[in-house]
Amino acid sequence: DSGVTQTPKHLITATGQRVTLRCSPRSGDLSVYWYQQSLDQGLQFLIQYYNGEERAKGNILERFSAQQFPDLHSELNLSSLELGDSALYFCASSVVGAMNTQYFGPGTRLTVL
Amino acid sequence: GEDVEQSLFLSVREGDSSVINCTYTDSSSTYLYWYKQEPGAGLQLLTYIFSNMDMKQDQRLTVLLNKKDKHLSLRIADTQTGDSAIYFCAENPRDTGRRALTFGSGTRLQVQP
């Protein structure tokens, strides 16, 4: 158990819908990362937050957004969903420093029908 | 650009050693990581190595780093069926604007009894 929690574990929805994925980082970790894992794209970095502020953006679509709340939990919002958005979405957290070791949650499997 | 490459598949017999290889391109990476992903699960951090080290041993795991060739390997001694999983190497680029990990495509390790 990494100490990072994600909910829900599975999510099935239809095209055009909007969903919210939730992540709670390990106690004491200020930084949260979101990654998408799909068969064709592999593991791709989406976005990073540090202590409530956006720190870095990766290959995140404009239809996707995220935020980190004062209690440090984070939410990833996916809207106008398409079939191609079906993937595993992982959250990771770290204590930002030279080592930046990231601990991953169990993921949310999103299926868009 | 950043690119981490791994072979896709490795099959070994139980009790043998497994060697999973990885090449990376960002010579400024400070830390390199190995993660394990079992079916339906998240990424479990196995080990890491700092870029000024050549080797790191942790129980059955040995990590070798060749900075000149940008080559990283993970050796698992006495491989067990429970080691069957996908193994990802990842680099942590020094780019100050981004702290996300760049992952390889993963190597699926199959351990035959």
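Going by the structure above, here's the rest.
Residues numbered from 1 in each chain as written. Chains lettered and ligands numbered in written order. Predicted model: local features only at pLDDT ≥ 70, side-chain atom pairs only at ≥ 80, totals over all residues. Heavy atoms only, no water.

## Topic: the overall build of chain B
Argument step 1. Within chain B, the secondary structure is distributed over 0 helices and 11 strands.
Argument step 2. Going from N to C terminus, chain B has its helices and strands arranged as β-β-β-β-β-β-β-β-β-β-β.
Argument step 3. Against the compact-globule benchmark of 13 Å for 113 residues, chain B has a radius of gyration of 14 Å, which places it among compact chains.
Argument step 4. Counting only C-alpha atoms, chain B reaches 45 × 30 × 20 Å along its principal axes.
Argument step 5. With 113 residues in all, chain B has 48% of them scored as buried.
Argument step 6. Long-range contacts, defined as pairs at least 24 residues apart, comprise 56% of the intrachain contacts of chain B with a sequence gap of at least 6.
Argument step 7. Split by element, the accessible area of chain B, about 5500 Å² in all, is 46% carbon and sulfur.
Argument step 8. Between the averaged position of the 12 positive side-chain charges in chain B and that of its 14 negative side-chain charges there is a distance of 2 Å. (Helix = DSSP H or I, 4+ residues; strand = E, 2+ residues; numbered from the N terminus. Rg over C-alpha atoms; globule rule 2.2 N^0.38 Å. Buried < 20%, exposed > 50% of the residue type's maximum accessible area, 1.4 Å probe, protein only. Contact = heavy atoms within 4.5 Å. Areas by Shrake-Rupley, 256 points an atom, 1.4 Å probe, with all protein chains shown as cover. Lys, Arg positive; Asp, Glu negative; His and termini not counted. Charge placed at Lys NZ, Arg CZ, Asp CG, Glu CD.)

## Regarding the interface of chain A and chain B
Argument step 1. Listed by partner, the interface residues are 23 residues for chain A and 19 residues for chain B.
Argument step 2. Here chain A and chain B share an interface that buries about 1600 Å² over both sides, 56% of which is from carbon and sulfur atoms.
Argument step 3. On inspection of chain A and its partner chain B, the count reaches 0 salt bridges.
Argument step 4. Counting every contact that joins chain A to chain B gives 3 residue pairs in polar contact (both at pLDDT 80 or more).
Argument step 5. Mapped by element, the contributors of at least two residues to the side of chain A that touches chain B are β4 (31-38), β5 (42-50), β6 (53-57), β9 (87-94) and β10 (103-104) of chain A.
Argument step 6. The residue inventory of the side of chain A that touches chain B, partitioned by class, reads 13 nonpolar, 8 polar and 2 charged. (Buried area = accessible area lost by both parts, 1.4 Å probe. Salt bridge = Lys/Arg side-chain N within 4 Å of Asp/Glu carboxyl O. Polar contact = N/O pair within 3.5 Å; in protein donor to acceptor, adjacent residues only side chain to side chain. Nonpolar A, V, L, I, M, F, W, Y, C, P; charged D, E, K, R; others polar.)

## Focus: the sheet that holds strand β7 (residues 61-66) of chain B
Residues and elements named next belong to chain B.
Argument step 1. Reading across the sheet, the 5 strands line up as β1-β3-β8-β7-β6 and stay open at both edges, with antiparallel pairing between neighbours. The sheet is open, and its two edges are formed by β1 (4-6) and β6 (55-58), each paired on a single side. Direction aside, the axes of adjacent strands within the sheet are offset by 15° on average.
Argument step 2. Here β1 pairs with strand β3 (residues 18-24) via 3 bridges, running antiparallel. (Pairing = 2+ DSSP bridges. Axes fitted to C-alpha atoms, helices over the stretch in contact; angles between N-to-C directions.)

## Describing the nonpolar core
Inside soluble globular proteins, nonpolar side chains tend to come together where they are buried.
Residue and element names in this part refer to chain A.
Argument step 1. Counting residues in hydrophobic clusters, the biggest one holds 21 residues, and the most contacted among them are Val19, Leu21, Trp34, Leu76, Leu78, Tyr89 and Leu110.
Argument step 2. Counting only elements with at least two residues in this core, the list comes to β3 (19-24), β4, β5, β7 (64-68), β8 (74-78), β9 and β11 (108-112).
Argument step 3. Not counting the four nearest positions on each side in its chain, Leu110 is found in contact with Leu11, Thr13, Val19, Leu78, Leu81, Asp85, Ser86, Ala87 and Tyr89. (Core = buried A, V, L, I, M, F, W, Y, C linked by side-chain atoms within 4.5 Å.)

## Structural notes on the environment of Leu81(A)
Argument step 1. Its location among the elements puts Leu81(A) in the loop between β8 and β9.
Argument step 2. Beyond its immediate chain neighbours, meaning those up to four positions away, Leu81(A) contacts Thr13(A), Ala14(A), Thr15(A), Gly16(A), Gln17(A), Val19(A), Arg63(A), Leu110(A) and Val112(A).

## Observations concerning the side chain of Thr107(B)
Residues and elements named next belong to chain B.
Argument step 1. With respect to the helices and strands, the residue Thr107 is situated in strand β11 (residues 107-112).
Argument step 2. Since its relative accessible area comes to 1%, Thr107 is described here as buried.
Argument step 3. Here the side chain of Thr107 touches Gln6 through a polar contact of 3.1 Å, side chain to side chain.

## Some thoughts on the packing of aromatic side chains
Residue and element names in this part refer to chain B.
Argument step 1. On inspection of all chains with the given rule, the structure shows 15 aromatic pairs over all chains.
Argument step 2. Arranged with centres 6.3 Å apart and planes meeting at 40°, the rings of Tyr33 and Tyr35 form a pair that is tilted. Pair check on accessibility: Tyr33 and Tyr35 agree, each one buried.
Argument step 3. Look at Tyr33 and Tyr48: their rings are 6.4 Å apart centre to centre, the planes differ by 45°, and that puts the pair in the tilted class. Residue Tyr33 is found in strand β4 (residues 31-37), and its partner Tyr48 is found in strand β5 (residues 43-50); the two are separated by 15 residues along the sequence.
Argument step 4. For Tyr33, a relative accessible area of 0% translates into the label buried.
Argument step 5. The partly exposed category is assigned to Tyr48, whose relative accessible area is 26%. (Phe/Tyr/Trp six-rings, centres within 6.5 Å; stacked < 30°, edge-to-face > 60°.)

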